[in-house]
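Okay, here's what each chain looks like letter by letter:
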Amino acid sequence: MRFLVTGGAGYIGSHTCKALAASGHTPITFDNLVYGHPWAVRWGPLEKGDIADRERLDQVINQYQPEGVIHFAAYAYVGESVKDPAKYYRNNVGGSLSLLEAMRDHGIPYIVFSSTCASYGIPEQIPIPESHPQRPINPYGQSKLMVEQMLRDFRLAYGIQSISLRYFNAAGADPDGEIGEAHDPETHLIPLVLDAASGQRPHITIFGDDYDTPDGTCIRDYIHVSDLAQAHVLAVEALTTHQPVQPAYNLGNGQGFSVKDVIATAEAVTQKRIPVQIGARRPGDPPRLVGDASAIMQDLGWKPAYADLTQIIETAWRWHQQQPYSTQ
Ligand SMILES: NC(=O)c1ccc[n+]([C@@H]2O[C@H](COP(=O)([O-])OP(=O)(O)OC[C@H]3O[C@@H](n4cnc5c(N)ncnc54)[C@H](O)[C@@H]3O)[C@@H](O)[C@H]2O)c1
Ligand SMILES: O=c1ccn([C@@H]2O[C@H](COP(=O)(O)OP(=O)(O)O[C@H]3O[C@H](CO)[C@H](O)[C@H](O)[C@H]3O)[C@@H](O)[C@H]2O)c(=O)[nH]1
């Protein structure tokens, strides 16, 4: 089947295009290349365009007649969203509305949407189930929640079937080394730690070591990007084959690692000493985020292939070493 992949030139989008192609589908990447990379689009055509540009969306949809949409295109810098919320609501919410209206008008009935654990806010319960209240503490998380709500209304009113996938912390790189994480600017922990290991940065700054956690640093649930990619294939296939599904699923490994755990594992993988500085807490960071992903395992048969933090960091390190690219 043909699927329109918005944001397919980005980190998670490009890995999903690879997984779609491996399952016999054709991914059509629709990306404005603000953050995406043409080199990451290797498993189907690249159509440059902005999801807010309705005319361009119409053109591409008419040309390829996709059966469904996988929607990654968004801004995803939590800190920036606090400083410039308008930018986030315009792109993430306004852009998604434009895309959904195009789907309605062209009769495209299926969409899988990139949501986030940031939509839960400060958790009341660990691991977090999908039924946990969604009270985001930053505009980025709020913008994703608003799209989840639009999807619910579009399902009821126009019959557009959707699954929102709430990812925990995406990490790692394609095990074949063909693509990997290349955000610019990079803000995510693992690529920054690997930069410190390779000497491209002088050190890694730990954002706070006075949290109420065993070693005082924040705990996250890291999930391999190829496992995320596979979940998108299962989700879109479940929609197109009319399997019973939930409107939203968590995607995580159900295991938490502290910032210090990540640094220690990266030292073991890279066999390098990683210089560390302790800095202030980063505003908006919940102390602990760990997801319960049992629902997608049960309903869609999703099973992570790279659940181990060492494996995740090994694939990221392999990619990191073969790239001329640096996060700095
Ligand atoms: N990386 C994570 O840990 C994480 C966690 C939870 C959710 N998410 C969500 O997953 C999605 C993908 O994240 P990523 O890390 O791959 O980010 P990314 O920046 O690598 O990819 C996003 C892509 O969308 C494109 N894009 C942005 N706005 C666009 C627009 N208006 N029109 C067309 N293309 C546009 C960018 O050029 C980029 O290629 C995002 O929606 C993000 O919010 C990411
Ligand atoms: O230089 C750094 C970078 C990060 N961290 C810490 O490492 C952990 C992970 O931080 P990331 O920036 O890698 O990821 P986040 O946990 O902030 O992820 C959030 O932002 C992402 C968007 O990029 C996703 O949406 C995700 O769901 C959401 O929880 C946090 O405790 C953070 O404080 C540091 O100590 N030093």
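Note that the coordinates shown come from a computational prediction; the quantities given were computed from them, not determined experimentally.

Draft legend 1. Structural context of the site of ligand 2. Surrounding ligand 2, one finds 21 residues, the nearest of these being Thr116, His188, Leu189, Phe207 and Cys218. Elements that contribute at least two residues to the shell around ligand 2 include exactly helix H6 (189–198) and strand S8 (204–207). No other element matches the 4 residues that S8 contributes to the shell around ligand 2. Residue composition of the shell around ligand 2, by class: 13 nonpolar, 5 polar and 3 charged.

Draft legend 2. Representation of the site of ligand 1 in the model. The full set close to ligand 1 counts 28 residues, and Gly7, Gly10, Tyr11, Gly36 and Ala74 are the nearest of them. Of all elements in the fold, only helix H1 (11–22), helix H4 (85–106), strand S5 (110–116) and strand S7 (169–171) reach the threshold of two or more residues within the shell around ligand 1. Per-element tally for the shell around ligand 1: the top contributor is H1, with 3 residues. Here the shell around ligand 1 is composed, by residue class, of 14 nonpolar, 12 polar and 2 charged.

Draft legend 3. The arrangement of the environment of Glu178 in detail. As for its position among the elements, Glu178 is in the loop between S7 and H6. Expressed as a C-alpha distance, the spacing of Glu178 and His37, which sit 141 residues apart in the sequence, is 13 Å.

Draft legend 4. Layout of the sheet that holds strand S3 (residues 46–48). Taken in spatial order, the 7 strands line up as S3-S2-S1-S4-S5-S6-S11 in an open sheet, and their pairing is parallel. Every other strand in the sheet has two partners, leaving S3 and strand S11 (248–251) as the edge strands with one partner each. On average, adjacent strands in this sheet sit at an angle of 20° to one another, irrespective of strand direction. Two strands pair when backbone bridges link them, and S5 and strand S6 (residues 161–167) are joined in this way by 7 bridges, in the parallel orientation. Within S6, the residue paired with Ile111 across the bridge is Ser162. The strands touched by H4 are strand S1 (2–6), strand S4 (68–71) and S5; relative to S4, the strand with the most contacts, the crossing angle is about 175°.

Draft legend 5. Geometry of the nonpolar core. The biggest cluster of nonpolar side chains holds 96 residues, and the ones touching the most others in it are Val69, Val193, Leu228, Ala235, Leu251 and Ala316. Considering each element in turn, this core owes the most residues, 10 residues, to helix H7 (residues 225–240). Setting aside residues no more than four positions away along its own chain, Leu251 makes contact with Leu165, Arg166, Tyr167, Phe168, Ile223, Leu228, Ala231, Ala293 and Ile296.

Draft legend 6. Fine view of the pairing of S8. Burial of S8 is one-sided: the residues Ile204 and Ile206 facing one way are buried, the residues Thr205 and Phe207 facing the other way are not. The sheet contact formed by S8 and strand S13 (residues 276–279) spans 4 bridges and is parallel. Counterpart to Ile204 in the pairing with S13 is Val276.

Draft legend 7. Fine view of the UniProt feature "domain: NAD-dependent epimerase/dehydratase" (unreviewed entry) in the protein. In this structure's numbering, the residues bearing the UniProt feature "domain: NAD-dependent epimerase/dehydratase" (unreviewed entry) are residues 4–252. Split by type, residues 4–252 is 39% helix and 18% strand. Its first and last C-alpha atoms lie 25 Å apart.

Draft legend 8. Structural detail: unusual backbone geometry. At the junction of Ile126 and Pro127, the peptide bond is cis and its omega measures out at -5° in the coordinates. Positionally, Pro127 belongs in the loop between S5 and helix H5 (139–158). With omega at 5°, the peptide bond leading from Asp184 into Pro185 counts as cis. Among the secondary structure elements, Pro185 is positioned in the loop between S7 and H6. Unusually for a residue other than glycine, His242 sits at a positive phi of about 60°. Within the fold, His242 resides in the loop between H7 and S11.

Procedures and definitions
- Residues numbered from 1 in each chain as written.
- Chains lettered and ligands numbered in written order.
- Predicted model: local features only at pLDDT ≥ 70, side-chain atom pairs only at ≥ 80, totals over all residues.
- Near = placed C-beta within 6 Å.
- Helix = DSSP H or I, 4+ residues; strand = E, 2+ residues; numbered from the N terminus.
- Nonpolar A, V, L, I, M, F, W, Y, C, P; charged D, E, K, R; others polar.
- Pairing = 2+ DSSP bridges.
- Axes fitted to C-alpha atoms, helices over the stretch in contact; angles between N-to-C directions.
- Contact = placed C-beta atoms within 7 Å.
- Core = buried A, V, L, I, M, F, W, Y, C linked by C-beta atoms within 7 Å.
- Buried ≥ 20, exposed ≤ 12 C-beta atoms within 10 Å, placed from the backbone.
- UniProt positions renumbered as here; feature names shortened; annotations may be inferred.

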